[in-house]
Amino acid sequence: MTPQTPKRIPIAKRLAELNKKKPVVDQPHPTDTPTVFDPLADLSQGFGGQIAPALTVTQDGRLAAVSSRASIDTSNLSWEDAELIDPAVGADHHILVVGSDVDPRELEALAVSTWEDAGWIEAGVLRLTGEATLSGPFRIDTAVRQQLKTPADQEQAWVIEVEQCRTAPAPDFLLETDLIAQAFPDGMPAGPEYEIIQAMQRFARRLAGSIRVAETGRLIEPDADSAVAITVYASRWVDESDLSTLLRPYFPDITNAQNADELPPIDSPQERVQTREDLALAIDIPEDELERIAEITRVADEKALSEDFVVRGYSLLASAGNKSRVHITVAPSEYIPTALRYEQWPEGTAIEYGIQWVPPQVYLNALTRPGRAARLERIRVKDQIEQIATLISRSTAGHMLDEDQFLIAAQ
């Protein structure tokens, strides 16, 4: 018997049926969380636009009606054409100040990585979350800089619009280390204002910028080099022996953290590599590095398909030259950073590879106000941590994030 050809339904009729039924598409979230996220929600109220229905195809091949909006053209946003900021506006608002080489799209990327409802409301107005926005860019010339007391190398300003809310001043012990507490001596920001200021501090650290506080005129200047640790989130699991094999050409004494006593004491005299250049010359990069990465990837996939496959957490330690060590932790993570919310994760779980600097006590005590030696050591070890993260990322097809949960592009 010849099978019947499925009856063809015109697309117009299918669209009409969708309009009558108004179905709600209930697709499983990749992280198995019940959160429903509409990145375009409420944006139409900001500038009078209308959200138009559009047609999409779900994973099982069904038609579904969704909301969509044309993207906002931000190509005309550039610091070169920016207007001079009004000193009165700069004095009455918190402002984010960055270098002239920062592209507005970088701010957009950081905002979207922080909040699910972030996005451009209109050209020059970036919604952060709720009613909070960033407006700009504006130029800061010499005369305005003298009034606002902003850094000379930060000529681009973005005005922060957020409802102010104050609570009691921070305790004395917090004033010694917390940059936000130091900038708000008469009362700490609270609620949405604190959330925005804290996020802008992360923005400023990533972009080597600063925040000028409205009432006091004080600056929050996070140390751009202080973000040393890197985390790789991946769907592929690499076990302890394979990861140790991958990293041993760079760190010959790498071992399980439980065997830390086998490593040279962190504060003992030992061969010290003082510069990044010397360290780079000392590393013997294997000629078959790419083949090794491919083999580790293949083995990891084979193990994942085996019936007795079990993911077990572990941690590794290795000497990093001079007086430092690097600490690598590997474990499943049900927490997915906002920057990776659209990635697909098996069973809603990612594998988290954390790489951290273990400084000697002499540097650890001075990290709040590091001297020249501690800064140089931190920068040197940061290069090694980036190297480890890159190798892991290539082996696992993972994503690298810095301490502030922002994506890092692999070099």
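For the structure, check the block above.
The present account deals with the structure reproduced in this document. (Residues numbered from 1 in each chain as written. Predicted model: local features only at pLDDT ≥ 70, side-chain atom pairs only at ≥ 80, totals over all residues. Heavy atoms only, no water.)

1. Comments concerning the side chain of Lys 382
And step 1. The topology assignment puts Lys 382 in helix H13 (residues 372-396).
And step 2. Buried charge Lys 382 goes without a salt bridge, the closest partner of opposite sign being Asp 225 at 4.6 Å.
And step 3. Here Ala 227 takes part through its backbone oxygen, which lies 3.3 Å from a polar atom of the side chain of Lys 382.
And step 4. Those residues in contact with Lys 382 that lie beyond four places of it in its chain are Ala 224, Asp 225, Ala 227 and Val 228. (Helix = DSSP H or I, 4+ residues; strand = E, 2+ residues; numbered from the N terminus. Buried < 20%, exposed > 50% of the residue type's maximum accessible area, 1.4 Å probe, protein only. Lys, Arg positive; Asp, Glu negative; His and termini not counted. Salt bridge = Lys/Arg side-chain N within 4 Å of Asp/Glu carboxyl O. Polar contact = N/O pair within 3.5 Å; in protein donor to acceptor, adjacent residues only side chain to side chain. Contact = heavy atoms within 4.5 Å.)

2. Some thoughts on the pattern of salt bridges
And step 1. In this structure the tally under the stated criterion is 13 salt bridges.
And step 2. Linking Glu 193 and Arg 166 is a salt bridge whose minimum nitrogen-to-oxygen distance equals 2.3 Å. A residue pair is termed long-range when its members are at least 10 positions apart, and Glu 193 in helix H8 (residues 191-207) and Arg 166 in the loop between strand S8 (156-161) and helix H6 (172-175) qualify at 27 residues.
And step 3. Among the ionic pairs, Arg 205 bridges to Asp 404, the shortest N-O distance being 2.9 Å. Of this pair, Arg 205 sits in helix H8 while Asp 404 sits in the loop between strand S16 (399-401) and strand S17 (407-408); the two residues are 199 residues apart in sequence, bridging distant segments of the chain. Asp 404 matches Arg 205 in its accessibility class, with the two residues each being buried.
And step 4. Where salt bridges share partners, they join Arg 166, Glu 193 and Glu 215 into one cluster.

3. Description of the sheet that holds strand S13 (residues 314-319)
And step 1. Spatial strand order, S12-S13-S14-S15-S11-S16-S17: seven strands in an open sheet with antiparallel pairing. Looking at strand neighbours, the two that pair on one side only are strand S12 (255-256) and S17, the edges of this open sheet.
And step 2. Pairing between S13 and strand S14 (residues 325-333): six bridges, direction antiparallel. Counterpart to Leu 317 in the pairing with S14 is His 327.
And step 3. Running over the sheet, H13 touches strand S11 (230-234), S14, strand S15 (350-358) and S16 and is turned about 160° from S15. (Pairing = 2+ DSSP bridges. Axes fitted to C-alpha atoms, helices over the stretch in contact; angles between N-to-C directions.)

4. Regarding the packing of aromatic side chains
And step 1. In the structure shown here, the tally under the stated rule is four aromatic pairs.
And step 2. Seen from their ring centres, Trp 120 and Trp 158 are 6.4 Å apart, and the 45° between their planes marks the pair as tilted. Of this pair, Trp 120 sits in strand S5 (residues 119-122) while Trp 158 sits in strand S8, placing them 38 residues apart in sequence.
And step 3. Classification of Trp 158 by relative accessible area gives buried; the value is 0%.
And step 4. Arranged with centres 5.8 Å apart and planes meeting at 85°, the rings of Trp 237 and Tyr 314 form a pair that is edge-to-face. Here the residue Trp 237 occupies a position in the loop between S11 and helix H9 (240-247), and Tyr 314 occupies one in strand S13, the gap between them amounting to 77 residues. The pair formed by Trp 237 and Tyr 314 is uniform in burial state, with each residue classed as buried. (Phe/Tyr/Trp six-rings, centres within 6.5 Å; stacked < 30°, edge-to-face > 60°.)

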